[in-house]
Amino acid sequence: MMTPISRRRFLTTAALSLAATRIHAQVPARVSLKLPTQATGPQMPADFVGLSYEVQQLSDPSFFSGSNTGLIRAFKALSPRGVLRLGGNTSEFAYWKPTPGSAEPEHKQIREVEGEPKAQYYPVTPEAVRNLADFLKATGWTCLYGIGMGTNTPDRAAEEAAFVARTLGPSLQYYQIGNEVDLFGRHLRDPGTWSAKTYLEEWLALTRAVSARVPEAKFGMPDVAANVAWLAQIADSWPSIKNPPHVTTLTHHYYFGGPATNPEVNIPNLLKPATMAKVQKTADTATAAADKMGIRVRMTEGNTCYRGGKPGVSDVFAAALWSADYSLLLASNNYSGVNLHGGTGKSVANSVGGFLPGDVLLKDKGESPEQIATHPHPFYSPIATFGSEYLMEPVAYGLKFAGSLSGGSFLQGDFTSQIQATGVDATAYAAILPGGQVTLIILNKDAEQAIELNLDFGTGRTGAVEVEMLHAPALDSREAHITRSQKSERLKDGQYRVSIPHATGICLTLK
């Protein structure tokens, strides 16, 4: 009988060997990369990894609390340091209830639009914020706290912000006021007059009220859904604002596509190089605006498929390779972090009109309620809720894998273009970690082609290379694994060779 340790070693070796045998299916592409000796690229923050949840999760004070040990374990397994963002569509229908006897305020009339939440108002209480503070201390994470703009008032926003500042203390990074404000014209504002200019005027009224109560307040903005041109417009207008609030971060969202019923949302389109080329264009616009203001940019809400994700795309291994690649591309563009959206099925369904299109898709395919219940809800959730259990999904494993470079400074080079010149759909990122280790991540997203890679670390470098693999049986497998090799090989004249199977990620660290 195997001991637990020997069994783990056997499974590790077997998994690596099984994945490696794929390269015999066809002749692998041969690539040689030379790594620079100095890190001249951006630094990836140590807390780059982040998750995004609906503010409506706070309506259950036991969810983000020190007593929710299962969720705490899942957060810590994802990253020892991270950033929790609270926001989402439901943030626009929250109201601050400072005491049990506080009356519900009067609310503005809004239009009901498909894909947007219905006007279901709910309170956020001091108990929920105090429990959130305990949760953040237990996980070691910090928070981006979302306060509604669409149906809020400056006085209520300031009162909530003051309590949050006192309660969260150093766990609060900054406030985010307003969610997907570029879409307010659909249901919350007059589409004929709503613009980046009118948004900025309203935002200033709210943030100045908050700053009057919390002089040290910091803010992220504008948290647009997709229209990053707003970031450029705000950056152009910023010099004309007298005594502006303390903004530390420009923010935007990103979803690859959607909804689930869209046939264009599929694995090949998710992983193809053209998808990341579009991401790069967005990053160019966003970082240019941030540079103009002397701050950084963050992707505060996003995932594979909007309105709750798509089964067979969002909850499978392909999503792991996508999230790793997406995160590292933004990190290499000097983003301060990413927050992949998730939460409970109910909160996300409420945020998009009351139901998840992915459920409709599964029903139309003939799946039973019992079969549908085996999927994470929402389908893209990084940490899925199954009863009292919290489980990391494939998309979270990709985010965790990318986090291997957290704290490091990027080595600049045309690594990805050199690999893709061979016809393989793969990307590569390299960094020097704070301890001096050189680490390289190669994401082979190709469904068929393997890579035979020769790495030149330079004749002055010596040591052994530690190998970790991000893998699963197939791109459409509803699982993901990060496996560390039990063997480490030393460099030979600064050179190292490695085989990277198709649909696999490899992390190489020179110790």
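Residues numbered from 1 in each chain as written. Predicted model: local features only at pLDDT ≥ 70, side-chain atom pairs only at ≥ 80, totals over all residues. Heavy atoms only, no water.

Student: Outline the sheet that holds strand β10 (residues 296-305), listing residues and values.
Tutor: Sheet architecture is closed into a barrel: 8 strands sit in the order β2-β3-β6-β7-β8-β9-β10-β11, paired in parallel fashion. For this sheet the average axis-to-axis angle between neighbouring strands, irrespective of direction, equals 25°. When strand β9 (residues 247-257) meets β10, the two strands line up parallel, connected through 8 bridges. The residue bridging Y255 from the neighbouring strand is N303, located in β10. Set on the sheet, helix α6 (residues 196-213) makes contact with β7 (172-177), β8 (219-224) and β9; between it and β8 the angle comes to about 155°. (Pairing = 2+ DSSP bridges. Helix = DSSP H or I, 4+ residues; strand = E, 2+ residues; numbered from the N terminus. Axes fitted to C-alpha atoms, helices over the stretch in contact; angles between N-to-C directions. Contact = heavy atoms within 4.5 Å.)

Student: Give me the pattern of salt bridges: which residues, what numbers.
Tutor: Inspection of every chain in the model, using the stated rule, returns 13 salt bridges. Note that E116 and R186 form a salt bridge whose closest N and O atoms lie 2.9 Å from each other. Of this pair, E116 sits in the loop between β4 (94-96) and β5 (122-124) while R186 sits in helix α5 (residues 184-187), and the two are 70 residues apart along the sequence. Assessed through its relative accessible area of 5%, E116 is described here as buried. What makes R186 partly exposed here is its relative accessible area of 38%. With a shortest N-O distance of 3.2 Å, R484 and E468 are connected by a salt bridge. Taken as a pair, R484 in strand β19 (residues 481-484) and E468 in strand β18 (residues 464-471) lie far apart in primary sequence, 16 residues in all. (Salt bridge = Lys/Arg side-chain N within 4 Å of Asp/Glu carboxyl O. Buried < 20%, exposed > 50% of the residue type's maximum accessible area, 1.4 Å probe, protein only.)

Student: Could you give an account of the packing of aromatic side chains, with specific residues and numbers?
Tutor: In the structure shown here, the tally under the stated rule is 18 aromatic pairs. Arranged with centres 5.9 Å apart and planes meeting at 75°, the rings of W203 and F219 form a pair that is edge-to-face. One end of the pair, W203, is in helix α6; the other, F219, is in strand β8, with 16 residues separating them in the sequence. Just as W203 is buried, F219 falls in that class too. With a centroid separation of 6.2 Å and 55° between ring planes, the pair formed by W203 and W238 is classed as tilted. On the criterion of sequence distance, the pair formed by W203 in helix α6 and W238 in the loop between α7 (229-237) and β9 is long-range, its members being 35 residues apart. Judged by relative accessible area, which is 13%, W238 ranks as buried. Through successive ring pairs, a cluster of aromatic residues spans Y53, F63, F64, F75, F135, W141 and Y390. The ring of W194 has R189 lying over it, and the distance from NZ or CZ to the ring centre is 5.6 Å. (Phe/Tyr/Trp six-rings, centres within 6.5 Å; stacked < 30°, edge-to-face > 60°. Lys NZ or Arg CZ within 6 Å of the ring centre and 35° of its normal.)

Student: Summarise the pairing of β10; cite the residues concerned and give the values.
Tutor: The buried fraction of β10 amounts to 9 of the 10 residues, a majority that puts the element mostly inside the structure. In terms of handedness, the path from β10 via helix α10 (residues 317-332) over to strand β11 (residues 335-341) forms a crossover that is right-handed. (Right-handed = clockwise from strand over helix to strand, strands pointing away.)

Student: With reference to specific residues and values, describe the environment of S499.
Tutor: Inspection of the secondary structure puts S499 in strand β21 (residues 495-500). In sequence terms S499 and D155 are 344 residues apart; their C-alpha atoms lie 60 Å from each other. Among the polar contacts listed, one links the side chain of S499 to the side chain of E452, at a separation of 2.8 Å. (Polar contact = N/O pair within 3.5 Å; in protein donor to acceptor, adjacent residues only side chain to side chain.)

Student: Which residues make up the packing of helix α3 (residues 126-139) against helix α4 (residues 154-168), and what values go with them?
Tutor: Put simply, α3 and α4 touch, their axes get as near as 9 Å, and they point 35° apart. Like other packed secondary-structure pairs, α3 and α4 cross with a definite hand, here right-handed. Judged by residue contacts, P126, V129, R130, L132, A133 and L136 of α3 engage F163, V164, T167 and L168 from α4. (Left-handed = near helix turned anticlockwise from the far one by under 90°.)

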